[in-house]
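Residues per chain are reported as follows:
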Amino acid sequence: MNFELGPELNLISQWIKPNSRVLDMGCGAGTLMQHLGNSLGVTGYGLEIDPDKIALCLQAGINVIQSDIEEGLVDFFDEDSFDYVIMGQTLQAMRQPSRLLDEMMRIGKQGIVTFPNFGHWKSRVQIGLEGHMPVTPALPSSWHNTPNIHLCTLMDFESLCRERSIEILERKVMNNEHKTTIGTRLFPNLLGEIALYRFRKMEL
Amino acid sequence: MPETIPKDSVGLVQPHFMHFDEPLSLDSGRVLPSYDLIYETYGTLNPAGTNAILLCHALSSDHHAAGYHSTEERKPGWWETCVGPGKCIDTNRFFVVCSNNLGSCKGSTGPVSVNPETGKVFGPDFPLVTVKDWVKSQAIFSDRLGIKKWAAVVGGSLGGMQAMQWTIDYPDRIQHAIVIASAAKLSAQNIAFNEVARQAILTDPDFHEGHYQANNTLPRRGLMIARMLGHITYLSDDAMRAKFGRELREGKVNYNFDVDFQVESYLRYQGMSFVDRFDANTYLLMTKTLDYFDPARECDDDLSAAFKHALASFFVLSFTSDWRFAPQRSKEIVKALLDDDKDVSYVEVEANHGHDAFLMPIPRYLEAFSLYMERVAKDACV
């Protein structure tokens, strides 16, 4: 099957070691799992709640488990079941992001998350100068119909990680063209629209 | 039968018999010296023999899964919804086999068959059989059909239990297990329902300790009540409300114990018609088979240990309103398979039909099932 792996998924897949075991939480159509399986011999499962997307996963031939991320994980997964637990563009839509990070660290050796950076200058301008909730390419929905109930900035996320004893192993920040530039490297919290983190439980 | 056979039906079909002379040792320690299996097939086995699908039937069902036996037959086989040309289990691509389980009253050797050793009907003397026994008999049957490996073994409810047992007992003979509305073991509540059903039969004065045929009678009331109880548990509260509500048959209550509400009428009809097509000893036996199923028991109650050597890929489906085989029971299966790093997909279909949902044309269900069957087809190279 032909499919386009977006720049974000492409960056994630660069972090994954061949033949590892992966859980993709909120796997959508299963594009990442399919790619990882085909190109890196990765095995594992996608987790998804939306029946339309589950159908696409079944079509793609990946292992998909229908479950709510926040309620369902304990039903299915033991400690350290996976090399990587991935959550792309989902953390900010969860009721309890902090508990979920703990869960990721319970069932995976490493975690990978991506989220829209609320500290991006466009958001700051719209809320600070224009006085309304931001609507940007990375945050396309208006305040009343957005799934994103827990938006955060890079700084917020990193401070939560410290609080939860999570060690950040790698961070990538992309602008709205999905590129990493000098600007996003120098001022990530201002110029980065999408943040990607790879992390693990801090060794105590 | 409809006046013309629909294009997506296998149409007119005939059951076949196969006789087995080799004794079959059963879990109970008893031995069946010889036996017959009745079965149907749809579609064509490909030359490589890779496209065979085994359907396993549920409690009171049989080998007649699809199509019609005659132009007079009112209803098609029990899984007409899912089996036929272009359907989920596409008979244009797959060779589909459905055999009637041992101990049934529908043609395979069971309590209503004549015991060749005594010349009399087995009745209550027919040995209790387990899911493991069934799967063993199906494996011998597969040998005779020349099928080395099933592309998939598929079943709902008690049928799903057989599919699971296949992956445990014959790991290299099954590529995919499709387990629908099933459980890795019955809950206490579930066994309790079966026990009430059995007590209804066992305490019927016409039961005669199972020798009712010799006494020229039938435990009609017992079997009817057993079926009525079963039927309640196969439907959901919502489904019953939608179907009957509190609708009165005559528009008023009659202040007696005759039928007031439509639901009573329905249950009585279901119970009575069941008596004409099912056997009480068989019902007792089948419910025990359900109760006994527990593959984890041999592994210190560790289900993942039971599945450890399974090689199949699994597709597990449940239905939200099914309280007899609730989604939680399916999740237990999935959890055990995940612990073993097995290939497994799990879908929980939103449906208000209760346990019966697995026989219903629910679009989400048929969609997911069809898509998974594409994977089966791909692996089977068809």
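Before any of the text, the structure's been laid out above.
How each quantity is defined
Residues numbered from 1 in each chain as written. Chains lettered and ligands numbered in written order. Predicted model: local features only at pLDDT ≥ 70, side-chain atom pairs only at ≥ 80, totals over all residues. Heavy atoms only, no water. Contact = heavy atoms within 4.5 Å. Buried area = accessible area lost by both parts, 1.4 Å probe. Salt bridge = Lys/Arg side-chain N within 4 Å of Asp/Glu carboxyl O. Polar contact = N/O pair within 3.5 Å; in protein donor to acceptor, adjacent residues only side chain to side chain. Helix = DSSP H or I, 4+ residues; strand = E, 2+ residues; numbered from the N terminus. Expected span 1.5 Å × (residues − 1). Buried < 20%, exposed > 50% of the residue type's maximum accessible area, 1.4 Å probe, protein only. Arc of directions from axis to C-beta. Pairing = 2+ DSSP bridges. Right-handed = clockwise from strand over helix to strand, strands pointing away. 1 Å grid on protein atoms, 1.4 Å probe; cavity = no way out; pocket = protein on both sides within 12 Å on 5 of 7 lines; lining within 4 Å. Points joined across faces, edges and corners; volume = space filled by probe spheres on them. Nonpolar A, V, L, I, M, F, W, Y, C, P; charged D, E, K, R; others polar. Axes fitted to C-alpha atoms, helices over the stretch in contact; angles between N-to-C directions. Parallel < 35°, antiparallel > 145°, perpendicular 65-115°, else oblique. Left-handed = near helix turned anticlockwise from the far one by under 90°.

### Considerations on the interface of chain B and chain A
One widely used convention gives an interface's size as the accessible area the parts lose upon coming together.
No. 1: Between chain B and chain A, the residue contacts involve 22 residues of the former and 19 residues of the latter.
No. 2: Of the roughly 1700 Å² buried at the junction of chain B and chain A (both faces included), carbon and sulfur atoms supply 51%.
No. 3: For the chain B face of the interface with chain A, the top three residues by lost area are Lys 335, Leu 338 and Leu 371 of chain B, together amounting to 29%.
No. 4: Taken together, the links from chain B to chain A amount to four salt bridges.
No. 5: Linking chain B with chain A are twelve residue pairs in polar contact (both at pLDDT 80 or more).
No. 6: Those elements that provide at least two residues to the side of chain B that touches chain A are α9 (327-339), β14 (344-349) and α10 (363-379) of chain B.
No. 7: For the side of chain B that touches chain A, the leading source of residues is α9 of chain B, giving seven residues.

### Some remarks on helix α3 (residues 188-202) of chain B
All names here are of chain B.
No. 1: The end-to-end C-alpha distance of α3, which contains 15 residues, comes to 20 Å, matching closely the 21 Å that a straight helix rising 1.5 Å per residue would cover.
No. 2: For α3, the complete set of buried residues consists of Asn 190, Phe 193, Asn 194, Ala 197, Arg 198, Ala 200 and Ile 201. What you see down the axis of α3 is that its buried residues fit within an arc of 155°, all on one side.
No. 3: Buried residues in α3 make contact with α4 (220-234) and α7 (280-292).

### Considering the pairing of strand β4 (residues 82-88) of chain A
Residue and element names in this part refer to chain A.
No. 1: The element β4 is largely enclosed, with a buried count of five among its seven residues.
No. 2: Relative to β4, strand β1 (residues 21-25) runs parallel, the two being bridged by three bridges. Paired with Asp 24 across the strands is Ile 86, a residue of β4.
No. 3: As judged from the six bridges shared by β4 and strand β5 (residues 108-116), these two strands associate in the parallel manner. Looking across to β5, one finds that Ile 86 is bridged to Ile 112.
No. 4: Crossover handedness for the path β4 to helix α5 (residues 97-107) to β5: right-handed.

### What to know about the layout of surface pockets
Residues and elements named next belong to chain B.
No. 1: Taken as a whole, the largest pocket encloses approximately 1300 Å³ of empty space.
No. 2: Surrounding the largest pocket, 44 residues form its lining, Lys 75, Trp 78, Arg 227, Arg 277 and Leu 359 being those nearest its centre.
No. 3: Elements that contribute at least two residues to the lining of the largest pocket include exactly α3, α4, α6 (262-277) and α7.
No. 4: Among the residues making up the lining of the largest pocket, the classes are represented as 20 nonpolar, 13 polar and eleven charged.

### Digging into the packing of α4 of chain B against α6 of chain B
Residues and elements named next belong to chain B.
No. 1: Relative to each other, α4 and α6 sit at 125°, their axes nearing to 8 Å. As the angle between them shows, α4 and α6 are arranged oblique. α6 is crossed by α4, and the crossing has right-handed handedness. Here α4 contributes Arg 220, Leu 223, Met 224, Arg 227, Met 228, His 231 and Ile 232 to the contact with α6, which in turn contributes Tyr 266, Leu 267, Arg 268, Gln 270, Gly 271, Met 272, Phe 274, Val 275, Asp 276 and Arg 277.
No. 2: Looking at side-chain class alone, the contact of α4 with α6 contains nine nonpolar, three polar and five charged residues.

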